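A structural walkthrough
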Amino acid sequence: MNGQHTHGDGTLGCLPWQVREEHLLHRHGRMLCLDAAARRGLRMRLRVWRALTEWRLELADLNAVVTYDPASVGGFALAPRQDGDADKVRAPTGR
């Protein structure tokens, strides 16, 4: 992941909470950052745009959102969408 997606301390710049270092390269975290960049109008290579589109379709097909638990092995996971999930990610609780 390049520097434009991370803060100076290495945390993901596209998320409003701390992400453990070992989770920074997780697919769902990277896709959340790419999704945020696309919403800002950042131009992307075709292969990156296709990967993002496939990931968005995966979330839609599964009716899922991305969750983050810093205590888990992978950190990021998909979870069934619940009432109150307004976008592609559910903020960690109690953090």
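Okay, so let's go over this structure.

**Observations regarding the overall build of the chain**
- In terms of helices and strands, the chain carries two helices and two strands.
- What you see in the chain, going N to C, is helices and strands ordered as α-α-β-β.
- Residues classed as buried in the chain amount to 37% of the 95 residues present.
- Long-range pairs, those at least 24 residues apart, make up 41% of the contacts in the chain between residues at least 6 apart in sequence.
- On the chain, roughly 6,100 Å² of surface is accessible, and the fraction owed to carbon and sulfur atoms is 51%.

**Digging into the packing of aromatic side chains**
- Per the counting criterion, the structure on display carries one aromatic pair.
- With centroids separated by 4.6 Å and ring planes inclined at 45 degrees, the aromatic side chains of Y68 and F76 adopt a geometry described as tilted.
- The exposure class assigned to Y68 is buried, which follows from its relative accessible area of 5%.
- When its relative accessible area of 5% is taken as the criterion, F76 is described as buried.

**What to know about the nonpolar core**
- Ranked by size, the top nonpolar core spans 16 residues in total, and within it L15, V19, L32, L52, W55, V66 and F76 carry the most contacts.
- Mapped by element, the contributors of at least two residues to this core are α1 (27-39), α2 (46-62) and β1 (64-68).

**Description of the pattern of salt bridges**
- As enumerated under the stated definition, the model contains eight salt bridges in all.
- Across the pair R56 and D35 runs a salt bridge whose closest N-O atoms are separated by 2.7 Å. You can see R56 sitting in helix α2 and its partner D35 sitting in helix α1, a full 21 residues away along the chain.
- Relative accessible area serves as the criterion here: at 4%, D35 is assigned to the buried category.

**A look at the packing of α1 against α2**
- The geometry of α1 relative to α2 is characterised by a closest axis approach of 10 Å and an angle of 110 degrees between their N-to-C directions. Between α1 and α2, the interaxial angle falls into the category roughly perpendicular. Of the residues in α2, those touching α1 at R27, H28, M31, L32, L34, D35 and A38 are V48, W49, A51, L52, W55, R56 and E58.
- Here the residues of the contact of α1 with α2 sort into nine nonpolar, one polar and four charged.

Rules used in this analysis
Residues numbered from 1 in each chain as written. Predicted model: local features only at pLDDT ≥ 70, side-chain atom pairs only at ≥ 80, totals over all residues. Heavy atoms only, no water. Helix = DSSP H or I, 4+ residues; strand = E, 2+ residues; numbered from the N terminus. Buried < 20%, exposed > 50% of the residue type's maximum accessible area, 1.4 Å probe, protein only. Contact = heavy atoms within 4.5 Å. Areas by Shrake-Rupley, 256 points an atom, 1.4 Å probe, with all protein chains shown as cover. Phe/Tyr/Trp six-rings, centres within 6.5 Å; stacked < 30°, edge-to-face > 60°. Core = buried A, V, L, I, M, F, W, Y, C linked by side-chain atoms within 4.5 Å. Salt bridge = Lys/Arg side-chain N within 4 Å of Asp/Glu carboxyl O. Axes fitted to C-alpha atoms, helices over the stretch in contact; angles between N-to-C directions. Parallel < 35°, antiparallel > 145°, perpendicular 65-115°, else oblique. Nonpolar A, V, L, I, M, F, W, Y, C, P; charged D, E, K, R; others polar.

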